Amino acid sequence: MSEVKSTVFLCLQANDETRGVIEAIERDNEHASFDYQPGMVRITAPGTLTVRRETVEEEVGREFDLQELHINMISLSGHVDEDDDALVLSWDR
Amino acid sequence: MDIAVTKKKLGLKERYALMTRGLGWEPTYQSVDDVFPMDSFEGIKIHDWDAWEDPFRLTMDAYWKYQAEKERKLYAILDAFAQGNGHLTLSDARYINTVKLFINGLAPLEYMSHRGFAHIGRQFRGVGPRVACMMQSLDEMRHAQTQVHAISNYNRYYDGMANFRHHHTYLPYLQVPRSFFEDAASGGPFEFITAIGFAFEYVLTNLVFVPFISGAAYNGDMGAMTFGFSAQSDEARHMTLGLEVIKFMLEQDPDNLPIVQKWLNKWTWRGVRVLTLVAMMQDYMLPKRVMSWAEAWEIYFEENCGALFRDLARYGIVMPPCVEQVRKERDHLSHMAWCQFYQARGTNNFHVWLPSKEDMDWLSAKYPETFDQYYRPRFEYWAKMEEEGTPFEAATPPQQCQVCQIPTIFPVAGDPLTRAEHSCTHDGERFHFCSQWCQEIFEDEPEKYVQAKLGAHELYKGNLFGDADPTAEDFDPMAAAMAFLKLTPEDSGLHSDSRDAANFDLWRGLAKANEA
């Protein structure tokens, strides 16, 4: 790997269903930044970004299947590693 | 009943293994090579298809469930937009021309992509990529359908959309995106998925759907915003699939490296050339702008593709050499394209206009190195000609590049006042190119690209006259060509003179007031 630290990103539609997801991402990823554009939010993070099911469930107050993210996901970059508990974007693998 | 029901629900990884890998089988009365005859002729060597890992692990049952939900959401909004006369809430009637570009230029590509993925979903011998390609094929069909449905609400009121299939095939400017896809679809399965998964999905759709569709939202187009974001939610999966295939090829055999590098070089360039249309949409066609082309380029190409190429460096992949020229063209691209479309407005199926003083000030601020020096004087001169009642219009169709099919308008990289001229001879015939990179693509497979039918060139050859008789005494070649192209005077020309502009003002006026 070269010296430059690559960023990963996740773009979500900004709507009622994603509000809790975005808050959960904010809690779990202190290094992430949130850029609100019309109709959407673009979340960028150097290295890695994690969406944790447990945190999302706390935020939305119900059971949450991480694959529900597909409905409101606009785009992403980085390698995806997904299981039942977390979706991780990163450039290392 | 004595069946135990306390068994734990399967985890995502086990479910994926059973419902994807578990669906494949070993053929017994035919050889595997005979069942999958097309995944080896390109020279790509795969030793272990089971090493394939699908990152999203989406199974068919979950796929149907989530896609159905996307559709329900989309159509609820489309209906509400149409029922509430949503087209009259747009920021400005000029915006509708971006919708025309979308239906004419992009929606037919979605359908071609559907066909391409159906084809390679049959041709890969690994069951993981086969299932992923089948899902993508279904997605692409959905995109074509939802785009046609969403935009049909505009076609009821405005010109330039009714003949989108015919125009996609024959209008010279639409041959640019069409030839991109035909080039990909006529390659083998690995080249197709590299072209579409990398150049189209990873580079291009991020720039089309994200900043542009966010722009649609900003301009009050709920319909386009919704189908755009809905489509892009599938693209996240598609680009992940494309990149997975690239890494898979590179990991399977070192002999694959030069082939993959060649494709990345080619398709980066092909993708960037198609993006010329998107650059122009973003800088000139959105009445309310979210970000400039140059800014979007920095985020989605420099940052995002930079990260990808740094990641692929471990396999020996390097940044394609054309990127240097692409960087030099970044601050010229949208301006050159809009100038070209303004001059050639007689053969467009959307309307054009000159940027206002405010538009030009925004462009100078976004392009301090280029706009005032090279483009503002031209627009001001053309504005003066319009005022004097003698608007400038090109009288002849331009020469097109044999590979990307864009008119050969591009300057020498780094020398904006000298037009680039590249040509070579094949089989006794001379072929012209916009750039060194298109020429290299041609020279690698000349038998393929000599078959290109370039609209402007076909016109001169007399192949665009339909049933008209060129030997008749009163034969009018331009009238015959326009009839064959199904291009009406209402479809083209200046926005300010258009029926669309007049109707939008009239209807918006009626929507805001009661008749006396």
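Quick summary incoming for the structure in this document. Remember, it's a predicted structure, so these values are computed and weren't measured experimentally.

1. A few points about the overall build of chain B
Point 1. From N to C terminus, chain B includes 20 helices and 4 strands.
Point 2. Computed over its C-alpha atoms, the radius of gyration of chain B comes to 24 Å, within 12% of the 24 Å expected for a compact globule of 516 residues.
Point 3. Over its C-alpha atoms, taken along the principal directions, chain B stretches across nearly 85 × 70 × 55 Å.
Point 4. For chain B, the proportion of its 516 residues judged to be buried stands at 47%.
Point 5. Across chain B, every contact between residues at least 6 apart in sequence was considered, and the portion connecting residues at least 24 apart equals 78%.

2. Brief notes about the packing of helix H3 (residues 60–83) of chain B against helix H9 (residues 222–252) of chain B
Residue and element names in this part refer to chain B.
Point 1. At a minimum axis distance of 9 Å, the contact between H3 and H9 shows a crossing angle of 170 degrees. Considering the angle they form, H3 stands roughly antiparallel to H9. Seen from H3, the contacting residues are Lys-70, Leu-74, Ile-77, Leu-78 and Phe-81; seen from H9, they are Met-222, Gly-223, Thr-226, Phe-227, Ser-230 and Ser-233.
Point 2. Looking at the contact of H3 with H9 residue by residue, the class counts come to 6 nonpolar, 4 polar and 1 charged.

3. Concerning the packing of helix H4 (residues 96–123) of chain B against helix H8 (residues 189–218) of chain B
What describes two packed helices is the angle between their axes and the distance between those same axes.
Residue and element names in this part refer to chain B.
Point 1. The N-to-C vectors of H4 and H8 enclose an angle of 140 degrees; their axes lie 10 Å apart at closest approach. Our classification of the angle between H4 and H8 gives oblique. Like other packed secondary-structure pairs, H4 and H8 cross with a definite hand, here left-handed. On H8, the residues that touch Ser-113, Gly-116, Ile-120 and Gln-123 of H4 are Pro-189, Phe-192, Ile-193 and Ile-196.
Point 2. Across the contact of H4 with H8, the residue classes tally to 5 nonpolar, 3 polar and no charged.

4. Regarding the interface of chain B and chain A
Point 1. Residue-level contacts link 30 residues of chain B with 27 residues of chain A.
Point 2. Taken together, the elements giving at least two residues each to the side of chain B that touches chain A come down to helix H1 (12–19), H3, H8, H9 and helix H11 (293–312) of chain B.
Point 3. In terms of residues, the side of chain B that touches chain A owes the most to one element, H9 of chain B, which gives 7 residues.
Point 4. The residue makeup of the side of chain B that touches chain A, split by class, is 15 nonpolar, 7 polar and 8 charged.

5. Overview of the environment of Phe-41 of chain B
Residue and element names in this part refer to chain B.
Point 1. Assignment of secondary structure puts Phe-41 in the loop between helix H2 (32–35) and H3.
Point 2. On the basis of neighbour counts, which here come to 10 C-beta atoms within 10 Å, the residue Phe-41 falls in the exposed class.
Point 3. Expressed as a C-alpha distance, the spacing of Phe-41 and Phe-190, which sit 149 residues apart in the sequence, is 9.9 Å.

6. What to know about unusual backbone geometry
Residues and elements named next belong to chain B.
Point 1. With phi around 50 degrees, Asn-85 is a residue other than glycine that occupies positive phi space.
Point 2. Here Asn-85 is to be found in the loop between H3 and H4.
Point 3. Although it is not a glycine, Asp-427 sits at a positive phi angle of roughly 55 degrees.
Point 4. For Asp-427, a count of 8 C-beta atoms within 10 Å puts it in the exposed group.

7. What about the nonpolar core?
Point 1. Membership of the largest hydrophobic core comes to 158 residues, with the highest contact counts inside it found for Leu-12 of chain A together with Ile-213, Met-280 and Cys-438 of chain B.
Point 2. Broken down by element, the residue count for this core peaks at 19 residues, all from H8 of chain B.
Point 3. In terms of nonpolar packing, the next biggest core, distinct from the first, is built from 6 residues, Leu-363, Phe-371, Tyr-375 and Phe-379 of chain B among them.

8. Let's talk about the sheet that holds strand E3 (residues 40–46) of chain A
Point 1. The strand order E2-E3-E1-E5 (chain A) describes an open sheet built from 4 strands, whose pairing is antiparallel. This sheet does not close on itself; its edge strands, each paired only once, are strand E2 (33–37) and strand E5 (73–77) of chain A. Direction aside, the axes of adjacent strands within the sheet are offset by 15 degrees on average.
Point 2. Two elements, strand E1 (residues 7–13) of chain A and E3 of chain A, share 7 bridges in a ladder whose sense is antiparallel. The partner of Leu-12 of chain A across the bridge, within E3 of chain A, is Val-41 of chain A.
Point 3. Contacts between H9 of chain B and the sheet are confined to E1 and E5 of chain A, with E5 of chain A contributing the most and set at about 35 degrees to the helix.

Cut-offs and rules
- Residues numbered from 1 in each chain as written.
- Chains lettered and ligands numbered in written order.
- Predicted model: local features only at pLDDT ≥ 70, side-chain atom pairs only at ≥ 80, totals over all residues.
- Helix = DSSP H or I, 4+ residues; strand = E, 2+ residues; numbered from the N terminus.
- Rg over C-alpha atoms; globule rule 2.2 N^0.38 Å.
- Buried ≥ 20, exposed ≤ 12 C-beta atoms within 10 Å, placed from the backbone.
- Contact = placed C-beta atoms within 7 Å.
- Axes fitted to C-alpha atoms, helices over the stretch in contact; angles between N-to-C directions.
- Parallel < 35°, antiparallel > 145°, perpendicular 65-115°, else oblique.
- Nonpolar A, V, L, I, M, F, W, Y, C, P; charged D, E, K, R; others polar.
- Left-handed = near helix turned anticlockwise from the far one by under 90°.
- Core = buried A, V, L, I, M, F, W, Y, C linked by C-beta atoms within 7 Å.
- Pairing = 2+ DSSP bridges.

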